[in-house]
Amino acid sequence: MTAHSLSAQALTAGYGENLVLENLDLVVPSSRITAIVGANACGKSTLLRTMSRLLVPREGCVLLDGKSIHELPTRALARMLGLLPQSPIAPEGITVADLVSRGRHPHQGVFSRWTRLDDEAVAAALETTRTVELAERPVDELSGGQRQRVWIAMALAQQTDLLLLDEPTTFLDISHQLEVLDLLTDLNRARGTTIVMVLHDLNLAARYADHLVAMCKGRLHAAGSPSDVLTERNVRQVFGLESRIIADPISGKPFMLPIGRHHALATGASPINRG
Amino acid sequence: MTPAKLTSFIAPPYCGRPGGSRSIWLPLTIFAVVVLCTLSLLIGSRDVTWSDVLSAIGGHVDSIGEAAVAMRIPRTLLALFAGAALGLSGAVMQGVTRNPLADPGILGVNTGAALAVVIGVAWFGMTSAQAYIWTAILGAGCTAALVYTVGSFGRGGATPLKLTLAGAATSIAFASLVIAVVLPRGDIAGGIRSWQVGGVGGATFERLAEVAPFLSAGLILSLGSARKLNSLALGDDLAAGLGERVALARGIASFAAVLLCGATTAICGPIGFVGLVVPHVCRLLVGVDHRWLLPFSSLVGGGLLLAGDIIGRIAARPSELEVGIVTAFVGAPFFIWIVRRQRVRDL
Amino acid sequence: MTSFSSALCSIADDRRSRAHRRNIVITGLLALTIALFALTLILGQSYVPPGDVFRVLIGEDVPGASFAVGELRLPRAVLSVLAGLSFGLGGVSFQTMLRNPLASPDIIGISSGASAAAVFAIVVLSLSGLLVSIFAVAAGLGVAIFVYGLSFRNGVAGTRLTLIGIGVSAMLESMIAYVLARAPAWNLQEAMRWLVGSVNGAEIGQALPLLAGLTIFGGLLLSRARDLEALRLGDDMAAALGVDVARIRIIVVVTAVGLIALATALTGPIAFVAFLSGPIAARLVGNQGSLLIPSALVGAILVLAGDYCGQFLLPSRYPVGVVTGALGAPYLLYLVARTNRTGGSA
C-alpha cells in the first residue's frame, strides 16, 4: 500500500457571503491519525469538507499526491479518499450488508457486474468492525454505537488509503466513543490507513491522535504532537478557557482539566505529575 | 441572515419593534384601508363620479352611476371582511403551529372546505347560505385536524416542510375528489367551477349578514387568544411551565382560525395566500406580540384583499379577474421569498 | 479465517436471495402489465375474442373488431402504458434524488406547469397536436429550471426545492382554473384532462413522440441508475463515493422533466401516478438495487387499471385521473404518516 500525501495550501473557503476558512495551510502526515479540534463554528467541519472535495475552495487548493483533488475524476478520487460525513442518511429499511456494499460504488462501472472481489471487501469490512452478526438486520433498528460501526464498515468497503471522519463519536456514550476510536486505531496500525477526524473531546483527541490540529476562527492555531499542542496557553487562546494540563496517568499524553468560574486551583494542592 | 430574523418566530414578545413605530403604523394602515374602500367604490366597469359615490352611500339609487356604486358597497365590505378573516386566520395558524408557512390555502384547509361544500350541494341538495357555511366550517376543521396530525408525526414535530407537504398532498387528493363528485353532475359543474376560483363579485347585504355572526365569533375568539399565542410562541414546554394549558389554548385558537377561513371559503370560494402574506408583513411592521399582530393582521388582510379585488377589476377591463387569482399571483412569489430566506435547517 | 469465509458466504447468499426476489417482482409486474393491456383490448363495451384481437394487431381486417380494437382500444392502451411508464420513471427519479417520496413532479409543480402550458396553448393560442406537446415540454422544463434556480443558495437543498415547487404549483393551478373558467364553449371532459388527466380520445399517432422520449430519456436515466441509488445515502456520502452530485442532479432533472412533460401534454397530469409508483415499487422490491424499472411498470399498471375502472367498473364514467386521485388519497396519507414517523428522509 503506497502512502498518499494530503495537504491544503492557502485554503480559503466558506458558504455564500461568509468566509469560514482563511488562508489555511495544513499537511496531513501519512499513515498517522490526525485529530482536528477547536471551538464551535471555528471551521473544523468546513476544513474537512473542503479536504474531501465536498466544498470547492474560494482560493488555494487541496493536494493529493501533488494534484488538486478538485481536478481529479470523482470516481478515481473516491477509490483513494473515503469520507464519513457527520449525519449520513440510511435509506429506510436498508439492511447492514446492503448498506456496507454501497461502499463498493466507486469500484464499479456503469454496467459492470458485482464480483467476488466486491463480496470479499464487504465481508472484510464487516469483520473488521465486528458487525458480521448484524449483517441482515435493518440499519434503522441498530443502536447508535452499532450504527456508527456500520457506517465505518461502509467506508472500509470503499478500500481507501485515506479516511476522513467528521465527528465520528458524536451522540455516542463514552464506551462506544472508545470503541470507535479503538477501531480506527486498529485500522491505522494494521493497514497504515491515514485517518483525519474532527473530534470534540480534547482529551480523547490527545490520547488517540498522533498529530493534533487546533483551529481558531478559521485559521490554524497550532499543529503538532499532542504534547506540543495541548497546552494551557493554547486552550486559553482557542477556547477562552482557563485550565490545567496534567499527564494522562494511562497513556502519558497530556490531559486537560477545565477550571471554570467557581473553582480555582486549591492552594497547596499540586496537580498530579506536574513536574 | 441576522439572528433576529432567525428567531422572529420564537422570540418572546418584548423583542418586537419599539412601541413608537406601532403608533405610526396604526393610523397609516387605517388611512390606507379607507382609501382602498373609496377606490373600490369608484373603480369598476362603469365610470362613476364622486357625487354618485356620495349619494349612493347616502342611500340613493336614482341614476345608473349611483346604482352601480350601490352594487359595489356590499362587494367592498365582503372583500374587507373576508380579507380580515383570512389574514387573522393565517396569523393564528402561524402562531398555533409555530410555522412561518402556515396558511389556510397552503395547508389544504380551503380545499377541505370546498370538498365539504361540493358534497353538500351534489349529494344533499344543499342550497341555503347557512348550510354552506356550516358545512364549510366542518370540512375546514376536519382537514385542519387531519393535516396537522399527519404533519406532526415523527421526529421534530410539525416542521414547515412536513406540514406543507401534508397540506399540498391533501389538497391534490381533495381536489380530485371534488372533481369525482362534480363530474357526473353537469347541472352544478359550471357554478362550482366558477366558485372554486375564489372571488368576491356578486356580494349582497344578505350574504354579508349571513356570514357576519361566524366572522364575529371567530374574530372575538382569535383576539382573545392573543396572550395564549404569545406563550405558545416560546414552545410547548415553556408555555406549560408558564402555566398555560397548552392543548386547550391550541384548541381554542385553532377553532377560531377554522371558523374564520371556513366561513370565508363558503361565501367567496377558496382564496389562497392572504393568510400567508399578511402576518409576515405585519410582523415587520409591529413585531411579534400577538396582541398587536392579530388586530393588525385583520386590518392589513382586509386592505390586501380589497387591493387585490381592485387590481382584478382594472387588469382585465372590461371583464374581471377574480381576486383568488390575483392573490395567488402576488402570494406565491412571496411564499417563495419566505422559503428562500429561511435556512434549510429550520425548514 | 473460517469466520471470514462464513461471513463471505452468508453475505453472498443474502445478496443473491434479494436479487432473486427483485427478479421475481419485476417479472410479476411485467406479466400484470401485459395482462391488463390484453384485458383492455379484449373486454370493453363489447367482448372481442383474443383470436380476433390478435388478427387485428397483425393488421388483418376483422369485421366488427377492427374499429373497436384497432381505432379505439389499442391507441388508448398504448398511450396508457407509455404515459404510465413515463410518469413512473420520472416520479421515482425525483423522489430518489430528493430523498423524499413526497417530492414527486406532480407535487412540486412540474406537472401543473406542463398542464397550464397545454391549456394555454389550446384555449388562448388555439394550437393543437404536436405544437401543444412542444409547448408543454418547454413549460415543464421552464418550471423545473425556475424552481431549481430559485432553490439555489449554496447548492440546492431538496427541502427548499420542494417547498418552492409547491408555491409555483399553486400559482400555476390558479392559472389553469382561470383559463378553464374563461373558456366559453369548453367541453367539460376536455377540461378534466388538464385538471386531473385522462386518456380519452387517444390516437395512435400520439404515441410516437412519447415513445421516442421514453427511449432517449429513459435510457439515459437507466444508465445512471447506480449513481442515483448512491444519492439515497445523502449528497455528502454520494460525493464521498465518487458521484458527481451536481451533474447527476442536472441529468435527472432534465430527463425526468422531459418524460413527465411529454406524457402530460397528451394525457394531462394523471393524478398521483408519478407520486405513487416509486413507493409502491419500493414496498414490492425491498431495498435491492435501483427502483427505476419496477416503478415504471407500476406506473403503467396504475394507468391501465385506473382507466379500466373509470370506464367500466364505476357507476358513472370517470377519466383515469379521478380514479387514481381518489384511490391514491388514502395510500398517500398512510405514506405521509409513515415517512414522518421514521423521520430522517425529509
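A brief structural summary. From a predicted model like this one, the values you see are computed outputs, not experimental measurements.

Section: the overall build of chain B
Next, step 1: What chain B contains, in helices and strands, is 15 helices and zero strands.
Next, step 2: Over its C-alpha trace chain B gives a radius of gyration of 20 Å, about what one expects of a compact globule, namely 20 Å for 347 residues.
Next, step 3: In terms of principal-axis extent, the alpha carbons of chain B reach across some 65 × 55 × 35 Å.
Next, step 4: In chain B, which comprises 347 residues, the proportion classed as buried is 54%.
Next, step 5: The long-range fraction of contacts in chain B, counting pairs at least 24 apart against all pairs at least 6 apart in sequence, stands at 78%.

Some points on the overall build of chain C
Next, step 1: A tally of helices and strands in chain C yields 14 helices and zero strands.
Next, step 2: The N-to-C order of helical and strand elements in chain C reads α-α-α-α-α-α-α-α-α-α-α-α-α-α.
Next, step 3: Over its C-alpha trace chain C gives a radius of gyration of 21 Å, about what one expects of a compact globule, namely 20 Å for 346 residues.
Next, step 4: Across its three principal axes, chain C shows a C-alpha extent of roughly 75 × 50 × 35 Å.

Examining helix H9 (residues 232–239) of chain A
All names here are of chain A.
Next, step 1: What H9 keeps buried is the set Asn234, Val235 and Val238. Projected down its long axis, H9 carries its buried residues within an arc of 100°, all on one side. Summarising the geometry of H9, the exposed residues directed more than 90 degrees from the buried face are Arg233 and Arg236.
Next, step 2: The elements touched by buried residues of H9 are strand S3 (33–38), strand S9 (211–216), strand S10 (219–224), helix H8 (226–229), strand S11 (243–247) and strand S12 (254–258).

With respect to the interface of chain A and chain C
Next, step 1: Between chain A and chain C, the residue contacts involve 36 residues of the former and 29 residues of the latter.
Next, step 2: Every element with two or more residues in the side of chain A that touches chain C is listed here: helix H2 (74–78), strand S6 (81–84), helix H3 (96–101) and helix H4 (116–128) of chain A.
Next, step 3: The element that contributes the greatest number of residues to the side of chain A that touches chain C is H4(A), accounting for six residues.

What about the pairing of S12(A)?
Residues and elements named next belong to chain A.
Next, step 1: Relative to S12, S11 runs antiparallel, the two sharing five bridges. Bridge pairing links Ile246 to Phe255 in S12.
Next, step 2: Between the antiparallel neighbours S11 and S12 lie six residues, among them Gly252 with a positive phi of about 80°.

Topic: unusual backbone geometry
All names here are of chain A.
Next, step 1: For Ala10, which is not a glycine, the phi torsion comes out positive at approximately 45°.
Next, step 2: Relative to the helices and strands, Ala10 is located in strand S1 (residues 6–15).
Next, step 3: Despite not being glycine, Arg130 shows a phi value in the positive range, around 50°.
Next, step 4: If you trace the backbone, Arg130 turns up in the loop between H4 and helix H5 (144–157).

Considering the packing of helix H5 (residues 109–124) of chain B against helix H12 (residues 246–268) of chain B
All names here are of chain B.
Next, step 1: It is the contact of H5 with H12, at a shortest axis distance of 9 Å, that shows an interaxial angle of 55°. Overall, the two elements H5 and H12 adopt an arrangement that is oblique. Pair H5 / H12 crosses with right-handed handedness. Residues Val109, Asn110, Ala113, Ala114 and Val117 of H5 form the contact with H12, whose participating residues are Cys261, Gly262, Thr265 and Ala266.
Next, step 2: Partitioning the contact of H5 with H12 into residue classes produces six nonpolar, three polar and no charged.

Points about the sheet that holds S10(A)
Residues and elements named next belong to chain A.
Next, step 1: Overall, mixed pairing links the six strands, which are arranged S6-S7-S8-S3-S9-S10 in an open sheet. This sheet does not close on itself; its edge strands, each paired only once, are S6 and S10. On average, each strand axis in the sheet is inclined to that of its neighbour by 15°, with strand direction left out of account.
Next, step 2: Bridge count for strand S7 (residues 162–166) against strand S8 (residues 194–198) is five bridges, and the pairing is parallel. By the bridge assignment for S8, Asp166 is matched with Val198.
Next, step 3: Sheet contacts for helix H1 (residues 44–51): S3, S7, S8 and S9; angle to S8, the most-contacted strand, approximately 145°.

Cut-off values and rules
- Residues numbered from 1 in each chain as written.
- Chains lettered and ligands numbered in written order.
- Predicted model: local features only at pLDDT ≥ 70, side-chain atom pairs only at ≥ 80, totals over all residues.
- Helix = DSSP H or I, 4+ residues; strand = E, 2+ residues; numbered from the N terminus.
- Rg over C-alpha atoms; globule rule 2.2 N^0.38 Å.
- Buried ≥ 20, exposed ≤ 12 C-beta atoms within 10 Å, placed from the backbone.
- Contact = placed C-beta atoms within 7 Å.
- Arc of directions from axis to C-beta.
- Pairing = 2+ DSSP bridges.
- Axes fitted to C-alpha atoms, helices over the stretch in contact; angles between N-to-C directions.
- Parallel < 35°, antiparallel > 145°, perpendicular 65-115°, else oblique.
- Left-handed = near helix turned anticlockwise from the far one by under 90°.
- Nonpolar A, V, L, I, M, F, W, Y, C, P; charged D, E, K, R; others polar.

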